[in-house]
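# An overview of the molecular structure
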Amino acid sequence: MALKCGIVGLPNVGKSTLFNCLSNARAQAANFPFCTIEPNVGIITVPDERLSKLAEIDKPLRVIPTTIEIVDIAGLVKGANKGEGLGNKFLANIRETDAIIHVLRCFDDENVTHVDGSINPVRDKEIIDTELQLKDLETIENRMTKVYKQAQTGGDKAAKRLYDILIQYKSVLEQGKSARVVQLDNKEDRKSAADLFLLTDKPVLYVCNVDEKSALTGNAYVDALCNAVKDENAQILVVAAKTESEIAELETYADRQMFLSEIGLTESGVSRVIKSAYKLLNLETYFTTGADESRAWTYQRGTKAPQAAGIIHTDFERGFIRAEVIKYKDYVTLGSESACREVGKISIEGKDYIVQDGDIMHFRFNV
């Protein structure tokens, strides 16, 4: 399951610095791969200590982590919704992503100019929010024009329901709020909303780019932003991108960990960004492991065993018989599948089993 996150922000906030750090994320995951698709697109691995531990135990021929695609989207300026700057391209690139990583400048540096002349992350956030909201409002109004006649005179119940949903979004957007504020309980309504591909309906992770001394505790800029987004369904991370870039330059894992320890951190900001982006869409991981391969598989939280099996191969889902499940803690404690089997720590699960994060699974199927 591919996850695509777009990194956005005003010019000179540290967006590309963060992307370049993410490009070196292979350093956080030993020999796991990193590749560049285009100059501003990279596929990076999701750091997962559990996969590394399974590989230590089974010593497989291959270790395959799960991945995220990260896109460094061109800096936004006021008027992007009308095509200013790289506006139309910027907005099109965001529309193609599953989630947004919004980088905000939360540091002072007279050598790095700010596009608006002063440091104010709340204002910067509102600039981008406004541009995206205006574009969404344009989308909604265009769609309303198309379905109005069907909804009012055509007797089309689906069109009437969609029109009612559009009215909800229009009202919220006109108040200067993002589409993600709208809560739709009905499954069909949520599907109709998803088909609109609204920019401000995407999950968002705010990354506060701070100086090194604020990497552990944050600062007044971070506090102001936290207060401004307290009612949003969003995550906030504090990262010192410049410091992270220096860490990425170090040759060995031990050197990088020592650097982190010196500034009071146990895990790099880059690693935390990747993990947070992974969780932003309610994604979790199950594992398969053995002598040939230890591998992480991504699934949506709440997925049942047959659908999880189908992530490996459609035949697994089509001919699903049962799943053999070992809890990660049991596998690590006992040290092997055979040891788990001997003491009854393998459970046999059917079609209604909801996969849990960290499950080690083996599927039985017949086609």
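Figured I'd write up the structure that's included with this text. Remember, predicted model here, so these are calculated numbers, not experimental data. (Residues numbered from 1 in each chain as written. Predicted model: local features only at pLDDT ≥ 70, side-chain atom pairs only at ≥ 80, totals over all residues. Heavy atoms only, no water.)

### With respect to the packing of aromatic side chains
Within the structure shown, the criterion is met by six aromatic pairs. A centroid spacing of 6.5 Å and a plane angle of 20° characterise the contact between Y286 and W297, whose relative ring orientation is stacked. Of this pair, Y286 sits in strand 9 (residues 283-289) while W297 sits in strand 10 (residues 293-300); the two residues are eleven residues apart in sequence, bridging distant segments of the chain. Per residue, the accessibility class of Y286 equals that of W297, and both read buried. For the ring pair Y286 and F363, a centre distance of 5.9 Å and an interplane angle of 85° mean the geometry is edge-to-face. On the criterion of sequence distance, the pair formed by Y286 in strand 9 and F363 in strand 13 (residues 360-365) is long-range, its members being 77 residues apart. A network of ring pairs unites the aromatic residues Y286, W297, Y299, F320 and F363 as a single cluster. When the ring centre of W297 is taken as reference, the NZ or CZ atom of R295 above it lies at 4.1 Å. (Phe/Tyr/Trp six-rings, centres within 6.5 Å; stacked < 30°, edge-to-face > 60°. Helix = DSSP H or I, 4+ residues; strand = E, 2+ residues; numbered from the N terminus. Buried < 20%, exposed > 50% of the residue type's maximum accessible area, 1.4 Å probe, protein only. Lys NZ or Arg CZ within 6 Å of the ring centre and 35° of its normal.)

### Thoughts on the nonpolar core
In terms of nonpolar packing, the biggest core is built from 55 residues, with C5, L22, I68, I70, I101, V207 and V273 touching the most fellow members. Ranked by size, the runner-up nonpolar core spans 19 residues in total, among them V147, A151, L162 and I165. (Core = buried A, V, L, I, M, F, W, Y, C linked by side-chain atoms within 4.5 Å.)

### Observations regarding a negative patch on the surface
Judged by side-chain charge, E212, E246, E249, E251 and D255 come together as a negatively charged surface patch. Tracing the chain through its elements places E212 in the loop between strand 7 (204-209) and helix 7 (220-228). (Patch = residues over 30% accessible without salt bridge, like charges linked within 9 Å, V, L, I, M, F, W, Y side chains within 5 Å. Areas by Shrake-Rupley, 256 points an atom, 1.4 Å probe, with all protein chains shown as cover. Salt bridge = Lys/Arg side-chain N within 4 Å of Asp/Glu carboxyl O. Lys, Arg positive; Asp, Glu negative; His and termini not counted. Charge placed at Lys NZ, Arg CZ, Asp CG, Glu CD.)

### Describing the pairing of strand 6 (residues 99-105)
In summary, the side chains of a regular strand alternate between the two faces of the sheet. For strand 6, a buried count of seven out of seven residues is recorded, marking the element as mostly surrounded by other parts of the structure. On strand 6, burial covers both faces: A99, I101, V103 and R105 on one face and I100, H102 and L104 on the other are all buried. Relative to strand 6, strand 1 (residues 4-8) runs parallel, the two being bridged by four bridges. Across the sheet, C5 pairs through a bridge with A99, a residue of strand 6. Relative to strand 7, strand 6 runs parallel, the two sharing six bridges. Residue pairing across strands places I101 opposite L205, the latter belonging to strand 7. (Pairing = 2+ DSSP bridges.)

### Things to note about the side chain of S214
Mapped onto the fold, S214 is located in the loop between strand 7 and helix 7. For S214, the side chain forms a polar contact with the side chain of N219, separated by 3.5 Å. Residues contacting S214, with those up to four places away along its chain left out, are N219 and V238. (Polar contact = N/O pair within 3.5 Å; in protein donor to acceptor, adjacent residues only side chain to side chain. Contact = heavy atoms within 4.5 Å.)

### A word on the environment of K177
Inspection of the secondary structure assignment puts K177 in the loop between helix 5 (157-174) and helix 6 (187-194). The class of K177 is partly exposed, set by a relative accessible area of 39%. Considered as a pair, K177 and E126 are 51 residues apart in the sequence and their alpha carbons are 9.9 Å apart. Dropping the residues within four chain positions of it, K177 is found in contact with Q133 and V172.

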